[in-house]
Amino acid sequence: MMDFSVLPLHKHPEYLQDCCELINSEWKRSHTARMQSLQGSCDQLPVSLILLKGEALVGHLKLCPIPSIKSGCFVQSVVVNRADRGKGFGSVLMQRAEVYCKDKLNLSVIYLSTQGQEEFYRKLGYSECSPISIYGSFSTPPIENGPNSMGRTKGSR
Ligand code: ACO
């Protein structure tokens with residue numbers, strides 16, 4: 001079995017640059033804006049988790065707070081290196097993130113929104129749910145995360 005680790009990015013800032021490039025290779029955004037977003041990773045939420053194969057960065061995801069659902073989080077920016085896709089890395093990353101949510105953050109549900117990767121998440125035990133609002137401020141109208149919301153509660157499989 002290959003040597004994998006899933007680590008919080010803020011504990012390993014030496015991977016910031018690689019992580020920025022990995023995410024930007026999928027969703028183009030300014031380097032500065034992306035770095036700022038990644039540097040917001042902390043011990044609670046939000047937190048960016050990285051997947052390492054040996055010492056090489058192969059994946060990333062970000063767990064974000066949901067102001068109206070304290071027992072849950074919203075997972076974003078799930079990405080695996082193009083060359084490494086289809087080899088099970090995305091599944092390992094999601095499964096380790098679920099353990100992190102449960103054990104380190106004491107969360108019981110993970111939400112996400114996807115267009116096109118439904119089958120990947122379904123295989124991991126996620127199912128469609130009603131849209132949730134991922135913004136809690138009353139100063140702006142709540143925005144729902146679209147019709148493709150999926151959720152999964154801990155211990156459901
Ligand atoms: N459609 C159908 N099945 C899929 C897809 C897909 N798009 N992607 C993966 N699968 C299946 C695989 O075939 C595999 O099935 P199997 O267990 O029967 O063999 C299973 O899902 C697990 O696949 P992995 O190899 O673990 O997935 P991978 O390492 O390729 O990572 C990921 C999946 C993260 C979606 C990757 O393809 C990627 O980075 N895509 C581009 C970025 C992206 O779209 N990310 C998701 C955005 S949504 C969000 O962030 C909440």
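Keep in mind that this is a model prediction, so the values were computed, not measured.

1. Description of the state of the cysteines
- Under the defined criterion, the tally for this structure stands at 0 disulfides.
- Its sulfur unpaired, Cys42 is 10 Å from the next cysteine sulfur, which belongs to Cys64.
- Owing to a relative accessible area of 26%, Cys42 belongs among the partly exposed residues under this scheme.
- Looking at the unpaired Cys101, the closest cysteine sulfur is the one in Cys73, lying at 3.8 Å.

2. What to know about the packing of aromatic side chains
- The tally for this structure, following the rule as stated, stands at 3 aromatic pairs.
- Geometrically, the ring pair formed by Phe4 and Phe89 is edge-to-face, given 5.3 Å between the ring centres and 75° between the ring planes. Here Phe4 is found in strand E1 (residues 4-8), whereas its partner Phe89 is found in helix H3 (residues 89-103), with 85 residues between them in sequence. In terms of burial, Phe4 and Phe89 fall into one category: buried.
- Ring geometry for Phe120 and Tyr121: centres 4.9 Å apart, planes at 70°, overall edge-to-face.
- Note on Phe120: relative accessible area 27%, which makes it partly exposed.
- When its relative accessible area of 7% is taken as the criterion, Tyr121 is described as buried.

3. Points about the side chain of Ser41
- With respect to the helices and strands, the residue Ser41 is situated in the loop between helix H2 (31-38) and strand E2 (47-53).
- There is a polar contact of 2.9 Å between the side chain of Ser41 and the side chain of His10.

4. Some points on the pairing of strand E7 (residues 149-153)
- Extensive coverage of E7 is indicated by the burial of 4 of its 5 residues.
- Summarising the sheet, strand E5 (residues 109-113) and E7 pair through 5 bridges and their orientation is antiparallel. Its bridge partner lying in E7, Val109 is registered against Thr153.
- As paired strands, strand E6 (residues 127-128) and E7 are joined by 2 bridges and run antiparallel to one another. Looking at the pairing, Ser127 lines up with Gly151 of E7.

5. Let's talk about the site of the ligand
- Taken together, 24 residues are adjacent to the ligand, and Val78, Gly88, Gly90, Ser91 and Gln117 come closest.
- Contact between the ligand and Val80: an oxygen atom at 2.8 Å from a main-chain N or O atom of the residue.
- Within the side chain of Arg85, one N or O atom sits 3.3 Å away from an oxygen atom of the ligand.
- Protein burial of the ligand: of its 980 Å² of free accessible surface, 70% is covered by the chains.
- Within the residue set of the shell around the ligand, elements represented by two or more residues are strand E4 (72-80), H3, E5 and helix H4 (118-123).
- For the shell around the ligand, the leading source of residues is E4, giving 6 residues.
- Partitioning the shell around the ligand into residue classes produces 9 nonpolar, 10 polar and 5 charged.

Cut-off values and rules
- Residues numbered from 1 in each chain as written.
- Predicted model: local features only at pLDDT ≥ 70, side-chain atom pairs only at ≥ 80, totals over all residues.
- Heavy atoms only, no water.
- Disulfide = S-S within 2.5 Å.
- Buried < 20%, exposed > 50% of the residue type's maximum accessible area, 1.4 Å probe, protein only.
- Phe/Tyr/Trp six-rings, centres within 6.5 Å; stacked < 30°, edge-to-face > 60°.
- Helix = DSSP H or I, 4+ residues; strand = E, 2+ residues; numbered from the N terminus.
- Polar contact = N/O pair within 3.5 Å; in protein donor to acceptor, adjacent residues only side chain to side chain.
- Pairing = 2+ DSSP bridges.
- Near = heavy atom within 4 Å.
- Areas by Shrake-Rupley, 256 points an atom, 1.4 Å probe, with all protein chains shown as cover.
- Nonpolar A, V, L, I, M, F, W, Y, C, P; charged D, E, K, R; others polar.

Everything listed here is a matter of geometry and, on its own, says nothing about what the molecule does.
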